[in-house]
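Working through the structure, step by step
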Amino acid sequence: MATRPIEIGPAGIRTARNIERLRLARGLSQQQLAERCTALGRPLTNTALRRTERARRRCDVDDLVTIATALGVPPASLLPVSLAAPRG
């Protein structure tokens, strides 16, 4: 049976970009961040993290909380502030 491609919306794409941005700001490789997540009890391979950062894999709430903890930030900081286009 064929599977449908994973569709990731604007919030997921922005979240993925925020994960990568904060990882790089902390000077971590994908492997290092994946190891931190695994040490926190949420096994995550660097392949899964790479796919998450490239919006090729959904980031569920458990992954989001663990990644945020591993980065030392609140989970909300990985989420987009707004999806609405600025008015004006």
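Okay, so let's go over this structure. (Residues numbered from 1 in each chain as written. Predicted model: local features only at pLDDT ≥ 70, side-chain atom pairs only at ≥ 80, totals over all residues. Heavy atoms only, no water.)

1. Focus: the pattern of salt bridges
Throughout the structure, instances matching the rule amount to 5 salt bridges. Across the pair R54 and E20 runs a salt bridge, and its minimum N-O distance is 3.1 Å. Placement of the pair is R54 in the loop between α3 (46–53) and α4 (61–71) and E20 in helix α1 (residues 10–25), with a sequence separation of 34 residues. Assessed through its relative accessible area of 43%, R54 is described here as partly exposed. Residue R23 pairs with E53 through a salt bridge whose shortest N-O separation is 2.6 Å. Placement of R23 in helix α1 and of E53 in helix α3 is noted, with a sequence separation of 30 residues between them. Among the residues examined, R23 registers a relative accessible area of 6% and is labelled buried. What makes E53 buried here is its relative accessible area of 4%. What emerges from the salt-bridge pattern is a single network uniting R42, R57, D60 and D63. (Salt bridge = Lys/Arg side-chain N within 4 Å of Asp/Glu carboxyl O. Helix = DSSP H or I, 4+ residues; strand = E, 2+ residues; numbered from the N terminus. Buried < 20%, exposed > 50% of the residue type's maximum accessible area, 1.4 Å probe, protein only.)

2. Re the environment of L28
In this structure, L28 sits in the loop between α1 and α2 (30–39). Between the C-alpha atoms of L28 and L71, which are 43 residues apart in sequence, the distance is 9.0 Å. Each residue touching L28, except ones within four places of it in the same chain, is listed here: R23, L33, R36 and L71. (Contact = heavy atoms within 4.5 Å.)

3. Some details on the side chain of T52
Its location among the elements puts T52 in helix α3. Assessed through its relative accessible area of 2%, T52 is described here as buried. Within the structure, the side chain of T52 is placed 2.9 Å from the side chain of R57, a separation counted as a polar contact. Apart from the residues lying within four places of it in its own chain, the contact partners of T52 are A16, I19, R57 and C59. (Polar contact = N/O pair within 3.5 Å; in protein donor to acceptor, adjacent residues only side chain to side chain.)

4. Structural notes on α2
Think of an α-helix as turning once every 3.6 residues; residues three or four places apart then point the same way. Of all the residues in α2, the buried ones are Q30, L33, A34 and C37. Projection of α2 onto a plane perpendicular to its axis shows the buried side chains occupying an angular sector of 100 degrees, all on one side. Turning to α2, the residues buried within the fold contact α1, α3 and α4. Residue G41 follows α2 closely and has a positive phi angle near 100 degrees. (Arc of directions from axis to C-beta.)

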